[in-house]
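Notes for the structure review
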Amino acid sequence: MQKGMHSDTERCVRAVQSKDARFDGWFFTAVLTTRIYCRPSCPVVPPKPENMTFYPSAAACQQAGFRACKRCRPDTSPGSPEWNQRADLVARAMRLIADGIVDREGVPGLASRLGYSTRQIERQLRAELGAGPLALARAQRAQTARLLIETTPLPMAEIAFAAGFSSIRTFNDTVREVFALSPSELRTRAPKKGTPASTPGALTLRLPFRAPLNPDNLFGHLAATAVPGVEEWRDGAYRRTLRLPYGHGIVTLTPNPDHIACRLTLSDLRDLTVAISRCRRMLDLDADPVAIDDQLRTDPVLAPLVDKAPGRRVPRTVDEAEFAVRAVLGQQVSTAAARTHAARLVTAHGEPLEDPEGGLTHLFPSPQALAALDPQSLAMPRTRRATFTTLVAQLAEGSLNLGVEGDWTETRARLLALPGFGAWTVDVIAMRALGDPDAFLPTDLGIRKAAQELGLPSTPAALTARAAAWRPWRAYAVQYLWATDSHPINFLPV
């Protein structure tokens, strides 16, 4: 699949006529006769091809005067995989918009973070997505509002401001325009499904994904490396604390065959959009597993691994700075030792919080808190201590930014310039924090062991040359290679 798929009318028509859910989020179908827009897999009888037109985003549909279908709910489809596999200006802008930057800082804030003028960003987003940053953020606010309306008993005024609207009138007008229903009508029509939240004040929602999704390495990795107090695996679910723009939160994520069940407890509801965005990013839910697996299957060595357990995702993070710190703590030590080092930092420097369900006790320490600690208190070799203190100092002062707006190539270069940062550390941060789908770990012991067992070249240079055929999905190849081992990261905890 490629950039600009909505412009390939013949291909889009075929996808709609076959109700192919793999294309949900790649493009949207607007029906000229009904003025409704749908996802490709909409269950209704497909319209005639001459009555279809295609848009690259829900925001573009809304700007053209179409309203969301009440049957297929296109606003709730998985996000486009484009924003995960690219690092150009449009992709970085979309990741920031999903993170709520336009709601918090406006379009000037978006432009400032990206280092471009507002005019340049507006022009490029309109050219590719048919809508500017304000319209894209508005579409996201509408989706958040619908979620709150349908899943919580909150008063509409609270929902309006939690979703990012500046006034109740704007909230009412937007909901009516996008969904052709008033907020109260939307609540009345809400499907009564799912289990009520077991925790007072918690929000329960479903996170969609493109099938297949193999949860074993995804949740297995997060559970096996969980830092006590910050993360835990409990009753078939991964739980962790979240540091968010307006406050903090606790999330519980449970894998199901057709969705990820998500329960969020937030200290400030304005953080809902960014919390959902970060959880989706951590679980790699916007990936296109069919395209990825098809590419990896072209290698006869990888094909049996893919066929055995397709749909592996790359376990990522909700906090890029946190992951970078943990990557340094994990240099040349076991998973258990890395967890122990991180747990000590959490106990000594993390921010305490209360977990209504018990088990979680702290937010992971901020870079500012870690930059202020006494380096002599760190139980690690002197050279790694220098690596740690240099990293947290640069993160705290802002000279090193690992956020979603970053350019992957530039960030890699900045990381490599830090003392103690070799290829493995940079690539594991690129893979799991920056989200680069082509990051590769040829020097990783687990990868070298798998390569030897499978008859692949075992030296880093030769393995990298062989892995060229796996591009641009080498980070996913890493997951399949790791899965050949019996390490706990590859299995759902029992």
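Above: the structure in question.
Residues numbered from 1 in each chain as written. Predicted model: local features only at pLDDT ≥ 70, side-chain atom pairs only at ≥ 80, totals over all residues. Heavy atoms only, no water.

Concerning the environment of Pro-215
Within the secondary structure, Pro-215 sits in helix H11 (residues 215-224). Ignoring sequence-local partners within four residues, the contact set of Pro-215 consists of Gly-220, Pro-255 and Leu-492. (Helix = DSSP H or I, 4+ residues; strand = E, 2+ residues; numbered from the N terminus. Contact = heavy atoms within 4.5 Å.)

Remarks on the sheet that holds strand S1 (residues 28-31)
Strand order in this open sheet of four strands is S3-S1-S2-S4, and the pairing throughout is mixed. Edge positions in the open sheet fall to strand S3 (52-55) and strand S4 (67-68), since each of these has one partner strand only. Each of S1 and S3 is contacted by helix H1 (residues 9-17), which is oriented at about 105° to S3, the strand it contacts most. (Pairing = 2+ DSSP bridges. Axes fitted to C-alpha atoms, helices over the stretch in contact; angles between N-to-C directions.)

Structural notes on the packing of helix H7 (residues 133-151) against helix H12 (residues 272-282)
H12 packs onto H7 with a crossing angle of 95° between their chain directions and a minimal axis gap of 10 Å. Between H7 and H12, the crossing angle belongs to the class labelled roughly perpendicular. From H7, Gln-140, Thr-144, Leu-147 and Leu-148 reach across to H12, where they touch Leu-272, Thr-273 and Ile-276. Looking at side-chain class alone, the contact of H7 with H12 contains four nonpolar, three polar and no charged residues. (Parallel < 35°, antiparallel > 145°, perpendicular 65-115°, else oblique. Nonpolar A, V, L, I, M, F, W, Y, C, P; charged D, E, K, R; others polar.)

Thoughts on the sheet that holds strand S5 (residues 203-207)
Read across the sheet, five strands follow the order S5-S9-S8-S7-S6 without closing on themselves; strand pairing throughout is antiparallel. Strand pairing shows two members of the sheet lacking a second neighbour, S5 and strand S6 (231-234), which therefore form its edges. Recorded for the sheet is a direction-independent mean angle of 25° between the axes of neighbouring strands. As paired elements, strand S8 (residues 248-255) and strand S9 (residues 260-266) share seven bridges and run antiparallel to each other. Across the sheet, residue Leu-253 finds its bridge partner in S9, namely Cys-262.

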